[in-house]
Amino acid sequence: MKANRWITEGRFAQVLLISVALAFLGFFVMLPLIAVFSEALKKGIDGFVEAITNPDAVDAIKLTLLVAAISVPVNMVFGVAASWAITKFSFPGKSLLITLIDLPFSVSPVVSGLVFVLLFGAHGYLGPWLIEHDIKIIFAVPGIVLATVFITFPFVARELIPLMEEQGKDDEEAAISLGANGWQTFWHVTLPNIRWGLLYGVLLCNARAMGEFGAVSVVSGHIRGETNTMPLHVEILYNEYDFVGAFAVASLLACLALVTLFAKSVLEWRFDIHSGARH
Amino acid sequence: MIEVQNIAKRFGNYPALHDINLKIQEGEFIALLGPSGSGKTTLLRIIAGLEFPDTGQVFLNDEDVSDRSVGERGVGFVFQHYALFRHMTVAENVAFGLSVRKRRLRPAKAVIKARADELLRLVQLEGLGSRYPGQLSGGQRQRVALARALAIEPRLLLLDEPFGALDAKVRKDLRRWLRDLHKQMGLTSIFVTHDQEEALELADRVVVMDHGVIEQVGTPEQVYMEPASPFVSKFVGETNVLSGGLHVRPHDLEIIESGGERVLVDNVFRKCGTWRVEGTLENGGVVEIDLDASLPPPAHGETVHVSPRRSNSFSQDGVRS
């Protein structure tokens, strides 16, 4: 029968596509993930604990947390301000601003790092002035923070601009017509409207801030216990053939990724409920 | 009294309003009627202070408010899509205008709550205060938006297409309800609509606009019976343009034995209490006639003679003559 054949073929294609997708995910995602954890635990729990409590590893973890703790709030403020400006006002140069926000996505992270070296390095444009005033940026924590902020600034704005565009200006105009000032309007009306999108953007921003390698590697100088973030520390340990140490720290980053993924799906679920109630 | 003087506004190269002058008396219910792009919403937003004109002034009670922001003008604005704050309950929405006041002007919590309850009673949503806007129907949301606008005790109520997003039945009920509410409160109100029926039914006076210009200001009776321009005649109610540029309403045409205009009948159908006859004039123009449904209608393909009982005519430059 013609119809039947068609359905059987459909079923076959379905199974094929699903198997291909699963095989692909298994090979590229599950296998490496399992490898990371099994390598990390190769010398047992004790070896793992020893590796991540090593002073250099602890310093790397602390530095990563510090960098994220600075760059994520900075980008949150910048992202909200930029999306607010872009979606609620019209001004000359608006489309240029939108394009510039995407810049870190389109530039290689290594190039982004080099830009900062060029600006603040000893032979850079501002280098002599900085040396004169004894300010260290490149091969120090400020440089790492700058590079991370640069790499991660699109995340929040990219998440918020479409959301705020869709919501329009009506709610804000209503609040202002009822006598609310700018701050009250932002706090009581705009922020609650964008809170899930904002949280989502912050989450992605944080994941990237902690995981960034390229740009940070260029500006860091790899000074153990001082300018090594977790991803850089993983590389150093690996190059020294300390596989357990490298994979133990890497497994922490992998856990971060898993937590991010989990939080992301929770947020998406909340998002759906929220927008469902809206229409 | 509200007065608008010499208002002009352009959006880039697009002229939205040309030299608008309008006076509105205390307690009047005014409709701004026009097709889309006529500038009616822009004018409403300028009166509210949500938009600022390139030239001209806005006076509220003889006070020049042209430079004041919307929050300082003390106007209630109801948005077409309600613009309710969806994360707040209905009661919180209604109370918003009072709870954002400066501390020394802000009523006590209990007073705000009592006021919100009172307003919800006024808009017949008593007991729904703890719901969220997402849990209400369109008509209920519109009434919450109205209660929220009234909470700040505005001296002027502005409504942008208040029934635009509602279905026909709810629309009709809400229309009647709004008219009664206006009678009861006597608050000066202006609403924007593209629906002539809505304007004629609700408003004390109708402001007909087209291409950023006021075409006519008058009572519904005047606007319908004595349109000031061909545009008004065509936009407000249905109009046939007969030879010689005579504008005649479908119900003002009658069938006569001989003479008058010859009309070829294309289609006949029942339209509520009348027969609606669609036909073609000798010059090719389309004509619509409403006839008494108790009499037999003309047949399809028949040629009838019609003559106007009443008509409007306009001179070459569009002035009523």
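Presented here is an overview of the structure given in this document. (Residues numbered from 1 in each chain as written. Chains lettered and ligands numbered in written order. Predicted model: local features only at pLDDT ≥ 70, side-chain atom pairs only at ≥ 80, totals over all residues. Heavy atoms only, no water.)

**Overview of the sheet that holds strand β7 (residues 156-160) of chain B**
All names here are of chain B.
Item 1. Strand order in the open sheet formed by six strands is β6-β7-β8-β3-β9-β10, and the pairing between neighbours is mixed. The sheet is open, and its two edges are formed by β6 (75-78) and β10 (213-218), each paired on a single side. In this sheet, adjacent strand axes meet at a mean angle of 15° when their direction is disregarded. (Pairing = 2+ DSSP bridges. Helix = DSSP H or I, 4+ residues; strand = E, 2+ residues; numbered from the N terminus. Axes fitted to C-alpha atoms, helices over the stretch in contact; angles between N-to-C directions.)

**Points about the pattern of salt bridges**
Note that side chains of opposite charge can pair when their charged atoms are close.
Residues and elements named next belong to chain B.
Item 1. Applying the stated rule across the entire model yields 27 salt bridges over all chains.
Item 2. Ionic pairing is found between Arg 171 and Glu 198, a salt bridge with its closest N-O pair at 3.6 Å. With Arg 171 in helix α6 (residues 168-185) and Glu 198 in helix α7 (residues 196-202), this pair connects stretches of sequence that are 27 residues apart.
Item 3. Here Arg 175 and Glu 201 are joined by a salt bridge, their closest N and O atoms 2.9 Å apart. Taken together, the residues Arg 175 in helix α6 and Glu 201 in helix α7 connect sequence positions 26 residues apart.
Item 4. Exposure remark for Glu 201: the relative accessible area of 27% places this residue in the partly exposed category. (Salt bridge = Lys/Arg side-chain N within 4 Å of Asp/Glu carboxyl O. Buried < 20%, exposed > 50% of the residue type's maximum accessible area, 1.4 Å probe, protein only.)

**Brief notes about the interface of chain A and chain B**
Item 1. In this assembly, 19 residues from chain A lie in contact with 21 residues from chain B.
Item 2. Between chain A and chain B lies a buried interface of about 1800 Å² when both sides are counted; carbon and sulfur atoms form 60% of it.
Item 3. There are two salt bridges connecting chain A and chain B.
Item 4. The interface formed by chain A and chain B holds three residue pairs in polar contact (both at pLDDT 80 or more) in total.
Item 5. Going through the elements one at a time, α10 (170-177), α11 (182-211) and α14 (243-278) of chain A are the ones with two or more residues in the side of chain A that touches chain B.
Item 6. Among the elements that make up the side of chain A that touches chain B, the one with the highest residue count is α10(A) (seven residues).
Item 7. Residue composition of the side of chain A that touches chain B, grouped by class: eight nonpolar, six polar and five charged. (Contact = heavy atoms within 4.5 Å. Buried area = accessible area lost by both parts, 1.4 Å probe. Polar contact = N/O pair within 3.5 Å; in protein donor to acceptor, adjacent residues only side chain to side chain. Nonpolar A, V, L, I, M, F, W, Y, C, P; charged D, E, K, R; others polar.)

**Observations concerning the packing of helix α3 (residues 55-88) of chain A against helix α4 (residues 94-101) of chain A**
Residues and elements named next belong to chain A.
Item 1. At a closest axis distance of 10 Å, the pairing of α3 and α4 adopts a crossing angle of 150°. Here α3 lies roughly antiparallel to α4, going by the angle between them. At the point where α3 passes α4, the crossing takes the left-handed sense. Only Lys 94, Leu 97, Ile 98 and Ile 101 of α4 make contact with α3, whose side of the interface consists of Phe 78, Ala 82 and Ile 86.
Item 2. Class assignment of the residues belonging to the contact of α3 with α4 gives a composition of six nonpolar, no polar and one charged. (Parallel < 35°, antiparallel > 145°, perpendicular 65-115°, else oblique. Left-handed = near helix turned anticlockwise from the far one by under 90°.)

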